[in-house]
Amino acid sequence: MELHHRTLRLEEGFRVGVTSVGAGTPLVFLHGLSLSTRAYEELLIALAGQGFRVIGLDAADHGRTDSLPWGHSVSDMAEVTARTLTALGVDEAVMVGHSMGGGMVVEFAARYPARTAAAILVNAAAGAEHHAGLRMRPCTTVACWAGMKLARAALDVVNDGRHAARLRSGAAQRGLVATLRSSFSGLRCLRAARALMKADTVPLLQRLHANGVPTAVIHGELDKIVPFRAGAGAARTAGARLYPSPAPSILGCSPTLSERAG
């Protein structure tokens, strides 16, 4: 299947990077912090093979999408997603999010339940345990905190890339490394990191449960950024089914996600 890339310009001129592949039921994929949709291209193709029209969106402050002003919220990022889907003519979709993207899916599904056919949270930045782990020490500045979290995220991507590389041949390994490098969104993603720090997904997960939004939580048992206990807690709060994964992140468990989404 061939991936199609475009930069969509919304009515007010805000630009959004869009990658699409396949045909069928719309499935919208939202990526993790500091990366872009490019890092997940193998996964998008695998999901399209399950009969979905897959739409990968670069989040605000990432990839080919413009940045929002400093101090914006995850709610603002979810609103950009909603406006983009409206511009694409997508009224309802299966919403899938990894890490930061999972937190965005929680926000989107809580605000737009009628537009959410199902929510699939993969190592999502969500749940009470996740937020407890993000609390800053009194002597830590926001910039220092965000820098440390970004460094840990980068290290996690490197470790996960090594895990995924072991499943590939030499040429494919080199291709994976190049893809991950090109998908890095630079320091402007610190704006999104600050928004994640201020977010509270617990009432939003409760709203998903109350609104009856079908929800599944897939979480890596070895995730170093969002620990497994956070995924388990998010599943309980949302009344969702939990699918533990032995792989540390989505980079090493594409078939698992394909099967769950299907």
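Scope of this entry: the structure provided in the associated data block. (Residues numbered from 1 in each chain as written. Predicted model: local features only at pLDDT ≥ 70, side-chain atom pairs only at ≥ 80, totals over all residues. Heavy atoms only, no water.)

### Brief notes about the packing of helix α8 (residues 202-211) against helix α9 (residues 228-238)
Heads up, the rule is: Here an angle of 0 to 180 degrees is reported between the N-to-C directions of two axes, which are lines fitted to C-alpha atoms, with helices fitted over the stretch in contact. Strands are runs of DSSP state E lasting at least two residues, helices are runs of H or I lasting at least four, and both sets are numbered from the N terminus onward. Our angle categories are set so that under 35 degrees counts as roughly parallel, over 145 as roughly antiparallel, 65 to 115 as roughly perpendicular, and the remainder as oblique. Whether two residues are in contact is decided by their heavy atoms, any of which lying within 4.5 Å being enough. As a working rule, the residues Ala, Val, Leu, Ile, Met, Phe, Trp, Tyr, Cys and Pro are called nonpolar, Asp, Glu, Lys and Arg charged, and the rest polar, with Gly in that last group.
At a closest axis distance of 7 Å, the pairing of α8 and α9 adopts a crossing angle of 45 degrees. Considering the angle they form, α8 stands oblique to α9. Residues Val 202, Leu 205, Gln 206 and His 209 of α8 form the contact with α9, whose own contacting residues are Ala 234, Thr 237 and Ala 238. Residue composition of the contact of α8 with α9, grouped by class: four nonpolar, three polar and no charged.

### Some points on the sheet that holds strand β3 (residues 25-30)
As a reminder of what qualifies: Between any two strands, pairing holds if DSSP finds at least two bridges.
With mixed pairing, eight strands are arranged side by side in an open sheet as β1-β2-β4-β3-β5-β6-β7-β8. A single partner strand is all that each edge strand has here, and the edge strands are β1 (4-9) and β8 (241-245). Here the strands of the sheet are splayed against their neighbours by 20 degrees on average, with no regard to which way each runs. Examined bridge by bridge, β3 and strand β5 (residues 93-98) share four bridges and lie parallel to one another. Across the sheet, Leu 27 pairs through a bridge with Val 94, a residue of β5.

### Considering the pattern of salt bridges
Definition in use: Put simply, a salt bridge is a Lys or Arg side-chain nitrogen that is within 4 Å of an Asp or Glu carboxyl oxygen. A simple rule labels every residue: compare its accessible area, found with a 1.4 Å probe on the protein chains alone, to the largest value its type can have, and call it buried under 20%, exposed over 50%, or partly exposed in between.
Under the defined criterion, the tally for this structure stands at six salt bridges. Salt-bridge contacts for Arg 83 lead to Glu 12; the nearest nitrogen and oxygen are separated by 2.4 Å. You can see Arg 83 sitting in helix α2 (residues 74-87) and its partner Glu 12 sitting in the loop between β1 and β2 (15-21), a full 71 residues away along the chain. Classification of Arg 83 by relative accessible area gives partly exposed; the value is 30%. For Glu 12, a relative accessible area of 49% puts it in the partly exposed group. A salt bridge links Arg 15 to Asp 66; the shortest N-O distance between them is 2.9 Å. Residue Arg 15 is located in strand β2, and its partner Asp 66 is located in the loop between β4 (52-57) and α2; the two are separated by 51 residues in the primary sequence.

### Observations regarding the packing of aromatic side chains
The condition is simple: Note on ring pairs: Phe, Tyr and Trp rings are taken, using the six-membered ring of Trp, and paired if centres are within 6.5 Å. Classes follow the plane angle, with under 30 degrees stacked, over 60 edge-to-face and the rest tilted.
All told, the structure shown has two aromatic pairs when counted by the stated rule. Here Phe 29 and Tyr 40 contribute two aromatic rings whose centre-to-centre distance is 4.9 Å and whose plane-to-plane angle is 55 degrees, an arrangement assigned as tilted. Highlighted residues: Phe 29 in strand β3 and Tyr 40 in the loop between β3 and α1 (41-48), separated in sequence by 11 residues. A single burial state applies to Phe 29 and to Tyr 40, both of which are buried.

### Description of the nonpolar core
One recurring pattern in soluble globular proteins: nonpolar side chains tend to sit buried together. What counts here: Side-chain atoms within 4.5 Å are what join buried Ala, Val, Leu, Ile, Met, Phe, Trp, Tyr and Cys residues into a set we call a nonpolar core.
The biggest cluster of nonpolar side chains holds 48 residues, and the ones touching the most others in it are Val 28, Met 77, Leu 85, Met 95 and Met 100. In this view, Met 77 contacts Ala 59, Ala 60, Leu 68, His 72, Met 100, Met 104, Ala 192 and Ala 195; residues no more than four positions away in its chain are not counted. Counting residues in each nonpolar core, the second largest holds 21 residues, with Val 21, Leu 43, Val 94 and Tyr 243 among its members.

### A closer look at the environment of Arg 53
If you trace the backbone, Arg 53 turns up in strand β4. Spatially, the C-alpha atoms of Arg 53 and Ala 23 are 4.0 Å apart, while their sequence positions differ by 30 residues. Aside from chain neighbours lying at most four places away, what touches Arg 53 is Val 21, Gly 22, Ala 23, Gly 24, Thr 25, Pro 26, Leu 27, Leu 88 and Val 90.

### Re the pairing of β2
Across the seven residues that make up β2, a large majority, five, are buried. Both β1 and β2 contribute to a ladder of six bridges, which runs antiparallel. Bridge pairing in β2 places Arg 6 opposite Val 18. Between the antiparallel neighbours β1 and β2 lie five residues, among them Gly 13 with a positive phi of about 95 degrees. Note: β2 against β4, four bridges, orientation antiparallel.

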